[in-house]
Amino acid sequence: MSRYRVFAMLPLMAALSGCNLVVLNPSGDVASQQGNLVVISTLLMLLIIVPVMALTVLFAWRYRQSNTKARYEPEWDHSTQLELVIWAAPLLIIICLGALTYMGSHLLDPYRPIDRIAANRPVPADAKPLEVNVVALDWKWLFIYPEYGIAAVNEMAAPVDRPIRFNITASTVMNSFYIPALAGQVYAMPGMQTQLHAVINKPGTYKGFSANYSGAGFSQMRFAFHGLDHDGFDTWVADVKAGGGSLDRNGYLQLEKPSVADPVRRFATTDPALFKAVLGQCVDPARTCTDNMGMGTGEHGSSGHGEHGSSGHGGEHGGHGAAPQGQPIQGQSIQGQSIQGSAAPDAPLTGAGLPRPSNS
């Protein structure tokens with residue numbers, strides 16, 4: 001087969017490759033709007049790219065050395081009309097792209113609750129979003145449904161045309177939560193909560209995965225997202241509850257251990273405070289929650305309003321910075337118990353614990 005036939009068959013091979021352009025043909029309204037933004041931006045940029053490429057070929061052909069009929073003006077150096085076209089066209093396109101980006105950044109902000117189910121279909125006033133708490137583990141996904149008191153590993157479901165609010169965090173390293181058919185990816189970070197608002201418009205099973213490298217099991221950190229009608233979602237919830245199993249803090253600590261290619265697991269009941277403990281990095285009772293560090297009360301509380309407050313704003317012996325995790329600050333109150341520092345009250349400290357210089 002000649003190389004010309006090979007090149008001629010390339011478009012046919014591409015058409016038969018079965019590429020799944022889910023980003024440009026999604027099943028969720030948010031992802032659909034994002035796909036439209038990509039298409040419109042690309043077309044606007046092609047308004048410059050295509051003419052430039054065509055004119056490059058045209059000029060190379062028309063002013064080739066062998067074409068003696070072409071105009072030859074070696075002294076030409078300026079054209080006001082040409083300058084206007086060269087600068088005005090890109091400027092107008094940049095203005096259009098800037099306007100699209102500005103509007104899209106606000107309308108498609110993942111923290112912003114959605115105001116429509118689909119085009120020309122606003123969210124009903126009485127619609128209650130489905131809340132899903134998402135935890136990125138090593139290397140699996142945990143989905144907690146606080147409204148139903150259930151949870152699942154590497155599987156989640158949502159009813160069609162019902163707004164979804166994802167609360168996302170991670171257990172150890174930064175990760176990225178991504179369902180291409182639903183909406184854009186959002187990062188998951190330990191000790192922090194990000195959010196994503198979205199809606200699925202078509203029933204089906206869609207792929208979800210991590211879009212951020214997070215270690216050895218990253219490539220198999222995938223899950224199934226089921227878009228179901230309302231009856232189908234109720235059946236799925238009932239099946240999870242009928243399957244038994246409970247996810248408490250001890251169970252989570254076992255689940256948190258690194259593993260690869262975990263099968264789907266379901267839990268009929270969950271600890272209502274589990275997600276908050278994961279967010280505060282204090283599922284283990286021996287650890288102090290990050291949101292409670294430096295928030296003690298009482299005479300020696302760390303808020304700085306007591307006699308020995310560690311913030312240094314209200315106490316004579318207040319500290320000058322936060323202590324590392326797990327090490328109490330002088331005078332900090334942990335779990336209701338006041339902890340006194342080892343320094344004597346009449347020996348003020350400055351800086352990094354060095355004695356205050358004398359005035360002599």
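Cut-offs applied
Per chain, the residues get numbers from 1 upward, laid out in the order the sequence is written. Only residues with pLDDT of 70 or above have their local features reported here, since the model is predicted, and side-chain atom pairs are shown and tallied only from 80 upward, although totals for entire chains, interfaces and linings are computed over all residues. To get the side-chain values, take all heavy atoms of the structure and skip hydrogens and water. UniProt positions are given in the numbering used here, feature names are shortened, and annotations may be inferred rather than shown by experiment. Strand pairing is defined by DSSP finding a minimum of two bridges between the two strands. Secondary structure elements follow DSSP: runs of H or I of four or more residues count as helices, runs of E of two or more count as strands, with numbering from the N terminus. Where helices are involved, their axes are fitted lines through C-alpha atoms of the stretch in contact, as for all axes, and angles between N-to-C directions lie from 0 to 180°. What makes two residues a contact is simply this: any of their non-hydrogen atoms within 4.5 Å. The patches described consist of residues with a relative accessible area above 30% and no salt bridge, like charges being joined within 9 Å and nonpolar side chains (Val, Leu, Ile, Met, Phe, Trp, Tyr) within 5 Å. Every accessible area reported is derived by Shrake-Rupley at a probe size of 1.4 Å, with residue values counting cover from the shown protein chains alone. Just to be clear on terms, a salt bridge is a Lys or Arg side-chain nitrogen sitting within 4 Å of an Asp or Glu carboxyl oxygen. The term disulfide is used for any two cysteine sulfur atoms that are within 2.5 Å. Note on aromatic contacts: the rings of Phe and Tyr and the six-membered ring of Trp form a pair at centre separations within 6.5 Å, being stacked when their planes are under 30 degrees apart, edge-to-face when over 60 apart, and tilted otherwise. For the exposure calls, accessible area comes from a 1.4 Å probe over protein chains only, and a residue counts as buried if that area is under 20% of its type's maximum, exposed if over 50%, partly exposed in between. Both a distance and an angle decide whether a charge sits over a ring: NZ of Lys or CZ of Arg must be within 6 Å of the ring centre and within 35 degrees of the ring normal. Here a helix's expected span is defined as the number of its residues, less one, multiplied by 1.5 Å. Each residue is assigned a bend, namely the angle between axes fitted to the seven residues that terminate at it and the seven residues that start at it.

- Per an unreviewed UniProt entry, the protein goes by Ubiquinol oxidase subunit 2 and derives from Azospirillum rugosum.
- The Subcellular location (unreviewed entry) comment attached to the protein in UniProt states, word for word, "Cell membrane".

Structural notes on the sheet that holds strand E12 (residues 222–228)
Thinking step 1. Spatial ordering of the open sheet is given by E6-E12-E11-E8-E9, a layout of five strands whose pairing is mixed. For this open sheet the edge positions go to strand E6 (155–159) and strand E9 (186–188), each flanked by a neighbour on one side alone. Taken pair by pair, the neighbouring strands of this sheet meet at an average axis angle of 25 degrees, ignoring direction.
Thinking step 2. Relative to E9, strand E8 (residues 175–178) is paired through three bridges, and the arrangement is antiparallel. Residue pairing in the sheet places phenylalanine 177 in a bridge with valine 186 of E9.
Thinking step 3. On the sheet, helix H4 (residues 230–242) packs against E6 and E12 and is oriented at approximately 145 degrees with respect to E6.

Observations regarding a nonpolar patch on the surface
Thinking step 1. Residues Leu21, Val23, Leu24, Val38, Val39, Leu43, Met45, Leu46, Ile49, Val50 and Met53 make up a contiguous nonpolar surface patch of roughly 970 Å² in combined accessible area.
Thinking step 2. As for its placement among the helices and strands, valine 38 is situated in helix H2 (residues 29–62).

Overview of the state of the cysteines
Thinking step 1. Enumeration over the complete set of coordinates arrives at one disulfide.
Thinking step 2. Disulfide pairing places cysteine 282 opposite cysteine 289 at an S-S distance of 1.8 Å. Residues cysteine 282 and cysteine 289 are joined by a disulfide whose S-S torsion is about 75 degrees; by sign, that bridge is right-handed.

Here's the deal with the packing of aromatic side chains
Two aromatic rings, taken as a pair, are described by how far apart their centres are and by the angle between their planes.
Thinking step 1. Under the criterion given, the structure shown has 14 aromatic pairs.
Thinking step 2. Look at phenylalanine 177 and phenylalanine 223: their rings are 5.7 Å apart centre to centre, the planes differ by 0 degrees, and that puts the pair in the stacked class. Taken together, the residues span a long stretch of sequence, with phenylalanine 177 in strand E8 and phenylalanine 223 in strand E12 at a distance of 46 residues. Across this residue pair, the class does not change: phenylalanine 177 and phenylalanine 223 are buried.
Thinking step 3. Pairwise contacts between aromatic rings join Trp141, Phe143, Phe166, Phe177 and Phe223 into one cluster.
Thinking step 4. The cationic tip of arginine 64 hangs over the ring face of tryptophan 61; the distance from NZ or CZ to the ring centre is 3.9 Å.
Thinking step 5. Here the guanidinium or amino end of arginine 222 rests over the ring plane of phenylalanine 209, the centre of that ring lying 5.4 Å away.

Regarding H2
Given 3.6 residues to a turn, an α-helix orients residues that are three or four positions apart in the same direction.
Thinking step 1. When the terminal C-alpha atoms of H2 are compared, their 49 Å separation across 34 residues agrees well with the 50 Å that a helix rising 1.5 Å per residue should span.
Thinking step 2. A bend of about 35 degrees at leucine 46 is the largest found in H2.
Thinking step 3. Buried residues of H2: Asp29, Val30, Ala31, Gly35, Ser41 and Leu44, and no others.

Quick word on the sheet that holds strand E5 (residues 150–153)
Thinking step 1. Read from one edge of the open sheet, six strands run E10-E7-E3-E4-E5-E14, paired in mixed fashion. What marks the edges here is a single partner per strand, and that holds for strand E10 (194–198) and strand E14 (265–267). Each strand of the sheet is rotated relative to its neighbour by a mean of 20 degrees, with strand direction disregarded.
Thinking step 2. Seen against the sheet, H4 touches strand E3 (130–137), strand E4 (140–145), E5 and E14 and runs at an angle of roughly 90 degrees to E5.

A word on unusual backbone geometry
Thinking step 1. Backbone torsion omega between aspartate 138 and tryptophan 139 reads -10 degrees, so that peptide bond is classified as cis.
Thinking step 2. Tracing the sequence through the fold places tryptophan 139 in the loop between E3 and E4.
Thinking step 3. Residues other than glycine seldom take positive phi values, yet glutamine 281 does so here, at roughly 55 degrees.
Thinking step 4. By relative accessible area, which is 24% here, glutamine 281 ends up partly exposed.

Topic: the pattern of salt bridges
Thinking step 1. Under the defined criterion, the tally for this structure stands at nine salt bridges.
Thinking step 2. Among the ionic pairs, aspartate 115 bridges to arginine 112, the shortest N-O distance being 3.1 Å.
Thinking step 3. Salt-bridge contacts for glutamate 147 lead to arginine 162; the nearest nitrogen and oxygen are separated by 3.1 Å. Note that glutamate 147 is positioned in the loop between E4 and E5 and arginine 162 in the loop between E6 and strand E7 (164–170), a separation of 15 residues in sequence.
Thinking step 4. Residue class for glutamate 147 comes out partly exposed when judged on its relative accessible area of 36%.
Thinking step 5. Classification of arginine 162 by relative accessible area gives buried; the value is 14%.

A short note on the pairing of strand E11 (residues 204–210)
Thinking step 1. Summarising the sheet, E8 and E11 pair through two bridges and their orientation is antiparallel. When the sheet's bridge partners are listed, phenylalanine 177 is paired in E11 with serine 210.
Thinking step 2. Across six bridges, E11 lies against E12 in antiparallel orientation. Bridging across to E12, threonine 205 finds its partner in histidine 226.

Notes on the environment of leucine 24
Thinking step 1. Considering the arrangement of structural elements, one finds leucine 24 in the loop between helix H1 (3–16) and H2.
Thinking step 2. Assessed through its relative accessible area of 49%, leucine 24 is described here as partly exposed.
Thinking step 3. Taking the C-alpha atoms as reference, leucine 24 lies 7.5 Å from asparagine 36; in sequence the two are 12 residues apart.
Thinking step 4. When neighbours within four sequence positions are excluded, leucine 24 is seen to be in contact with Gly35, Val38 and Val39.

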